[in-house]
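# Summary of the model geometry
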Amino acid sequence: MVMSYKVIPIQEKDNREICALYEKAFKQPMCNYNSHDIFLWFYFNNIYCKHYCKGIHNGKNFASYWGFVPLDCKVNGKIYKGSLSFQLVSTKEVLGSTLSLWKKIKDDLINDDVVISFTINRENSVQLLKNIGWNVEIIPILINIVNPFKLINDLISKTISNRVFKKIFRWILRPLDYSFFKLTTLFYNNNDKVYEVRCFDENYNKLWDIMSNSVNNGVNLDARYVNWRYIEKPNNTYKILSYVDGDRVMGYLIYDTKKIFGTHIGFIMDIIADPQNDIVVNSLIDYAKNELFQKGVTIISALSFKENIFYKNLKGRVFFNIPKKLLPQKNYFSINKFFESDNDFEVNKWHISWGNHDNF
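Residues numbered from 1 in each chain as written. Predicted model: local features only at pLDDT ≥ 70, side-chain atom pairs only at ≥ 80, totals over all residues. Heavy atoms only, no water.

## Regarding the sheet that holds strand 13 (residues 299-303)
One open sheet accounts for seven strands, arranged 8-10-11-12-13-7-14; its pairing is mixed. Bordering the open sheet on either side are strand 8 (194-197) and strand 14 (320-321), each of which pairs with just one other strand. Bridge count for strand 8 against strand 10 (residues 239-245) is four bridges, and the pairing is antiparallel. Looking at strand 10, one finds that E196 is bridged to L241. Lying over the sheet, helix 9 (residues 278-294) contacts strand 7 (141-145), strand 8, strand 10, strand 11 (248-260), strand 12 (263-273) and strand 13, oriented at roughly 35 degrees with respect to strand 11. (Pairing = 2+ DSSP bridges. Helix = DSSP H or I, 4+ residues; strand = E, 2+ residues; numbered from the N terminus. Contact = heavy atoms within 4.5 Å. Axes fitted to C-alpha atoms, helices over the stretch in contact; angles between N-to-C directions.)

## Let's talk about the environment of K324
Here K324 is to be found in the loop between strand 14 and strand 15 (331-337). With relative accessibility at 51%, the residue K324 sits in the exposed group. Here the alpha-carbon distance between K324 and I138, two residues 186 residues apart in the chain, equals 8.7 Å. In contact with K324, not counting residues within four places along its chain, are I138 and K330. (Buried < 20%, exposed > 50% of the residue type's maximum accessible area, 1.4 Å probe, protein only.)

## Regarding helix 2 (residues 35-43)
Of the positions making up helix 2, those classed as buried are S35, I38, F39, W41, F42 and Y43. Structurally, helix 2 contributes buried residues whose contacts are with helix 1 (15-26), strand 3 (62-75), strand 4 (78-90) and helix 8 (223-231).

## Some thoughts on the side chain of N46
The residue N46 is located in the loop between helix 2 and strand 2 (54-57) in this model. Under the relative-accessibility criterion, N46 is labelled buried at 3%. At 2.8 Å, the side chain of N46 and the backbone oxygen of F42 are in polar contact. Separated by 2.8 Å, the side chain of N46 and the backbone nitrogen of C49 make a polar contact. The contact partners of N46, leaving out residues within four places of it in the chain, are W41, V69, P70 and W228. (Polar contact = N/O pair within 3.5 Å; in protein donor to acceptor, adjacent residues only side chain to side chain.)

## Structural notes on the packing of aromatic side chains
With the rule as written, the count across this model stands at 24 aromatic pairs. For the pair F39 and F44, a centre-to-centre distance of 5.8 Å together with 50 degrees between the ring planes defines the contact as tilted. With relative accessibility at 16%, the residue F44 sits in the buried group. Pairing F267 with W354 gives two aromatic rings, centres 5.3 Å apart and planes at 90 degrees, and the pair type is edge-to-face. (Phe/Tyr/Trp six-rings, centres within 6.5 Å; stacked < 30°, edge-to-face > 60°.)

## Things to note about the pairing of strand 4
Pairing of strand 3 with strand 4, which is carried by eleven bridges, proceeds in the antiparallel orientation. Bridged to V69 within strand 4 is L84. Where strand 3 hands over to strand 4, the hairpin turn is made up of two residues, of which N76 adopts a positive phi near 55 degrees. Strand direction decides the pairing type here: strand 4 and strand 5 (residues 114-122), joined by four bridges, are parallel. When the bridges of strand 5 are listed, K81 appears paired with V114.

## Here's the deal with the packing of helix 1 against helix 2
The relative placement of two packed helices comes down to the angle between their axes together with the axis-to-axis distance. Contact pair helix 1 / helix 2: the axes reach a minimum separation of 9 Å and the direction vectors enclose 110 degrees. Judged by the angle between their axes, helix 1 and helix 2 are roughly perpendicular. For the pair helix 1 and helix 2, the sense of crossing is right-handed. Only S35, H36, F39 and L40 of helix 2 make contact with helix 1, whose side of the interface consists of N15, R16, I18 and C19. Residues that form the contact of helix 1 with helix 2 fall into these classes: four nonpolar, three polar and one charged. (Parallel < 35°, antiparallel > 145°, perpendicular 65-115°, else oblique. Left-handed = near helix turned anticlockwise from the far one by under 90°. Nonpolar A, V, L, I, M, F, W, Y, C, P; charged D, E, K, R; others polar.)

Spelled out as structure tokens, the structure:
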């Protein structure tokens with residue numbers, strides 16, 4: 001019996017089936033806490049309360065799906081509707097059918113006046129995206145090592161099974177980290193104006209308007225977006241730092257932590273501040289580094305192309321580019337534009353951050 005496959009939209013009632021398909025394909029749940037809530041938040045409770053997600057259905061269940069959601073982007077200095085590509089999941093029975101899925105989604109995107117789609121993807125989908133016309137660039141990962149000796153301990157612990165030896169390494173190496181960090185803080189800015197907060201204040205858009213003058217291409221980080229992304233996301237673990245001068249908030253930094261590759265890593269999700277105000281930007285980065293050191297994080301990671309507005313600040317706070325050969329896994333930033341322009345549009349001109357990633 002030959003199965004008949006159809007490309008159909010994803011609906012709310014497909015929640016459990018889609019989450020199960022994701023877990024089957026990637027051998028892990030869509031979210032560590034509640035995948036079903038994340039599914040609804042992303043596809044149905046986003047800033048436009050709609051999605052462009054479609055799946056390939058065999059009459060009984062979904063064999064594949066590809067998720068896209070709308071959000072506003074700055075493209076060549078102007079605000080347009082864009083879209084973030086979330087998850088591309090496919091089972092063996094429909095391998096090679098992604099092109100038909102993409103054609104249907106692309107038609108919906110263009111019909112809804114979406115001018116650009118972007119995603120952060122892994123190496124296994126690079127050739128596929130290139131084949132259907134996406135521009136792909138390896139993402140520029142910058143790191144700062146705040147607990148180098150703990151990192152060594154974490155790496156050594158993978159190869160040592162003896163618990164006594166592990167404890168000895170911890171006793172020896174931890175004091176060295178403390179001394180190392182105290183030495184580096186001599187070069188920090190004064191952080192007495194940085195506070196952790198639980199929300200973005202009512203004047204947030206005024207701050208974003210100042211920053212956006214320097215962002216030619218990137219996500220429109222207005223209040224509607226950042227509240228959806230960092231406040232309304234179910235079970236989120238984000239920390240929001242604010243720089244306050246008098247009664248005025250001058251900047252924000254959002255970070256998160258995860259244990260991956262056998263160690264604890266901190267991720268700078270987004271910085272929102274006047275890029276001309278180095279005191280504010282550097283103070284936020286320094287404060288985040290101190291907090292993450294206290295939490296036992298070994299590495300802090302940020303994304304920034306060389307022409308991004310905070311690249312110089314990150315480099316000045318001792319963040320350095322990881323050589324491609326040393327990356328445990330390669331990630332790529334990919335863009336597909338649905339417009340013609342006299343201006344050159346280069347992928348590496350995008351104001352990239354970990355906030356552009358769907359899995360953080």
